[in-house]
Amino acid sequence: MHGGNTYIHENIRLDFSSNCNVTCRPEVIEAALEGTKAAGVYPDIDGTLLREKTAERFSGRFACELQAEHVIPGNGASELIYACIRALSPVQTMLLEPVFTEYARACAACHIPVVPYELRAGDYELGRYFTCVINKQPKDSMLVLCNPNNPTGQLIEPELLVRILDICKRYGIYVLLDECFIEFTRAESMLGRLDRYPNLVILSAYTKTYAIPGLRLGFAFSKNQELLAKIKSQLPPWNISTPAMYAGIKAGDLSVLTEEELSRMEAEREFLVYELKKRGLVVYRSDANFIFFSSGIELAEKLLEQGILIRDCSDFVNVPQKHYRICVRTREENQSLLEAIDRIYKQEN
């Protein structure tokens, strides 16, 4: 079960289940449309210009030094998750639960044992004592970290994250760091530290930041050429379609989530948090463009009756029933969601 699955429901008027940027860049879609005109020939099998533009774009965005050789494009970050786990073939994978469900599915598909580490249900924050757990993992294990995490939206404390990376390097543990939502925060990316950690692979995507989930375009970054070669060997040729490639090349030239847009998103998030708490819902801390909360009643199905789709998180490990995730959207849309919740509670009472 994933967010954004509007196809199985009728009359959806508002989708809060998919965490995409509400400010789109029409130039990216126009570039994808231009790419359809070149669909009569194969796309560039090496994606040379796409990788160059991507390295340039992320270098400028996060003040780091990336080259095209450090980038592998994927058909969405999800394809790269499976490719990384197949390529590195860890003896086991540690997952901080709850986390994006495709990591466990990818491990299962590759027959890789999963070692779950359940985050504290009271706040779902990662404590400093986690470092004592890592050094007990065997060499050639893998640790998956999402920063910010999905579905909670929480960032890992920067000093703790660096400490974790240092320990994993010392003990020969691979780290797969998912930064797909980091541009919705003010956190430092670890892209600038790839030189220091040859055991580190970072995932990102244009899916969320440019609001193009239907085009499927993600990236794996590393400065360990041996690791990258292994990952690339697990991908099919021409895995990036020409429309997606055109869109990605154009995206490399465009600013996204400007200071104004980021501030607006933060203001809307605080508005939603305040209003949900005012209605008696339990809301967890979030640093991203989505909110994780719980209610005393089944909200997802009742909101569907009003044409509003939210993410029911009951399929995540370490998440009880009646926990949900919603995207932070525009004030008008957010207000519509709150009004729909009010109608539900009024009917319940």
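Preceding this section is the structure that the text describes.
Residues numbered from 1 in each chain as written. Predicted model: local features only at pLDDT ≥ 70, side-chain atom pairs only at ≥ 80, totals over all residues. Heavy atoms only, no water.

1. Section: the sheet that holds strand β6 (residues 174–178)
Defined as follows: Any two strands between which DSSP finds at least two bridges are classified as paired. We count a stretch as a helix when DSSP gives it H or I for four or more residues in a row; a strand needs E for two or more, and each element gets its number in order from the N terminus. Axes here refer to lines fitted to C-alpha atoms; in helices the fit is confined to the stretch in contact. Angles between the N-to-C directions go from 0 to 180 degrees. Here, two residues are considered to be in contact whenever any of their heavy atoms come within 4.5 Å of each other.
With mixed pairing, 7 strands are arranged side by side in an open sheet as β2-β8-β7-β6-β5-β3-β4. Looking at which strands have only one partner, the edges of the open sheet turn out to be β2 (71–74) and β4 (114–118). Shown here is a sheet whose adjacent strand axes are inclined to one another by a mean of 20°, direction ignored. Bridge count for β2 against strand β8 (residues 218–221) is 4 bridges, and the pairing is antiparallel. Each bridged residue has a counterpart across the sheet, and for Val 71 the counterpart in β8 is Phe 221. Its contacts with the sheet place helix α3 (residues 77–88) against β2, β5 (142–146), β6, β7 (200–205) and β8, and it is angled at close to 165° to β7.

2. Thoughts on the pairing of β6
In regular strands, side chains alternate between the two faces of the sheet. Short version of the rule: Here the term buried applies to any residue with accessible area under 20% of the maximum for its type, exposed to any over 50%, and partly exposed to those in between, with areas from a 1.4 Å probe on protein chains only.
Among the 5 residues that make up β6, 5 are buried, leaving the element largely enclosed by the rest of the structure. Strand direction decides the pairing type here: β5 and β6, joined by 5 bridges, are parallel. Among the inter-strand pairings, Leu 143 is bridged to a residue of β6, identified as Val 175. With 4 bridges joining them, β6 and β7 adopt parallel strand pairing. Looking at β7, one finds that Val 175 is bridged to Leu 200.

3. Regarding the layout of surface pockets
Rule in force here: Grid points spaced at 1 Å over the protein atoms alone were grouped into cavities, where a 1.4 Å probe fits but cannot get out, and pockets, open sets with protein on both sides within 12 Å along at least five of seven lines, with lining residues defined by an atom within 4 Å of a point. Grid points are joined across faces, edges and corners, and a volume is the space filled by probe spheres set on the points.
Its boundaries defined by the atoms lining it, the largest pocket holds a volume of some 720 Å³. Forming the boundary of the largest pocket are 33 residues, of which Gly 3, Ser 18, Thr 207, Lys 208 and Pro 213 lie nearest the centre. Counting only elements with at least two residues in the lining of the largest pocket, the list comes to α3 and α7 (206–209). Ranked by residue count, the leading element in the lining of the largest pocket is α3, at 3 residues.

4. Topic: the pattern of salt bridges
Close approach of charged atoms lets side chains of opposite charge pair. Keep this limit in mind: Criterion for a salt bridge: a side-chain nitrogen of Lys or Arg within 4 Å of a carboxyl oxygen of Asp or Glu.
Under the counting rule described, the total for this entry stands at 28 salt bridges. Glu 159 is the partner of Arg 128 in a salt bridge, and the nearest nitrogen-oxygen pair spans 3.8 Å. Separated by 31 residues along the polypeptide, Arg 128 in the loop between β4 and α5 (131–134) and Glu 159 in helix α6 (residues 158–171) bring together distant segments of the chain. We classify Arg 128 as partly exposed; its relative accessible area is 48%. For the salt bridge of Arg 264 with Glu 260, the shortest nitrogen-to-oxygen distance reads 3.2 Å. With Arg 264 and Glu 260 both in helix α10 (residues 259–278) and 4 residues apart, the pair spans about one turn of that helix. Overall, the relative accessible area of 41% leaves Arg 264 in the partly exposed class. Overlapping salt bridges bring together Glu 275, Lys 278, Arg 279 and Asp 342 as one network.

5. Some details on the environment of Arg 186
This is how the line gets drawn: Any pair of nitrogen or oxygen atoms within 3.5 Å is treated as a polar contact; in protein, a donor-acceptor pairing is required on top of that, and neighbouring residues in sequence qualify only through side-chain atoms on both sides.
Relative to the helices and strands, Arg 186 resides in the loop between β6 and β7. Put simply, Arg 186 and Ile 12 are 174 residues apart on the chain and 32 Å apart in space, counted from C-alpha to C-alpha. Setting aside chain neighbours within four positions, we find Arg 186 in contact with Glu 259, Leu 262, Ser 263 and Glu 266. A distance of 3.4 Å separates the side chain of Arg 186 from the side chain of Ser 263, its partner in a polar contact. A polar atom in the side chain of Arg 186 sits 2.8 Å from the side chain of Glu 266.

6. Digging into a nonpolar patch on the surface
Note the threshold: Nonpolar side chains (Val, Leu, Ile, Met, Phe, Trp, Tyr) within 5 Å and like charges within 9 Å form the patches, drawn only from residues with over 30% relative accessible area and no salt bridge. Working definition of accessibility: Shrake-Rupley area with a 1.4 Å probe, residue cover restricted to the visible protein chains.
Side chains of Tyr 42, Ile 45 and Trp 238 sit close together on the surface and give an oily, nonpolar patch of about 370 Å² of accessible area. Following the sequence through the fold, Trp 238 ends up in the loop between α8 (225–232) and α9 (242–251).

7. Details of the sheet that holds strand β9 (residues 282–283)
Across the sheet, 4 strands lie side by side as β9-β10-β13-β12; this open sheet has antiparallel pairing. Each edge of the sheet is formed by a strand with only one pairing partner; in this case those strands are β9 and β12 (311–312). One ladder, built from 2 bridges, connects β12 with strand β13 (residues 323–327); its direction is antiparallel. Its bridge partner being in β13, Arg 311 is matched across the sheet by Arg 325.

8. Comments concerning the packing of aromatic side chains
Selection criterion: Two rings from Phe, Tyr or Trp (for Trp, the six-membered ring) form a pair when their centres sit within 6.5 Å of each other. Planes less than 30 degrees apart are called stacked, planes more than 60 degrees apart edge-to-face, and all others tilted. Only lysine NZ and arginine CZ atoms are considered, and such an atom sits over a ring when it is within 6 Å of the ring centre and within 35 degrees of the ring normal.
For the coordinates displayed, the defined rule picks out 16 aromatic pairs. When the centroid spacing of 4.5 Å and the interplanar angle of 25° are considered together, the rings of Tyr 42 and Trp 238 count as stacked. In this pair, Tyr 42 sits in the loop between α1 (26–36) and α2 (48–62) while Trp 238 sits in the loop between α8 and α9, placing the two residues 196 residues apart along the sequence. Tyr 42 gets classed as exposed once you look at its relative accessible area, which sits at 64%. Using a relative accessible area of 39% as the deciding quantity, one classes Trp 238 as partly exposed. Geometrically, the ring pair formed by Phe 219 and Phe 221 is tilted, given 6.3 Å between the ring centres and 45° between the ring planes. We note that Phe 219, like Phe 221, is buried. An aromatic cluster of three or more residues is present, and its members are Phe 58, Phe 62, Tyr 206, Tyr 210, Phe 219 and Phe 221. Its end group placed over the ring of Phe 290, Arg 325 keeps NZ or CZ at 5.9 Å from the ring centre. Cation over ring: Arg 331 sits above Phe 271, and NZ or CZ is 3.8 Å from the ring centre.

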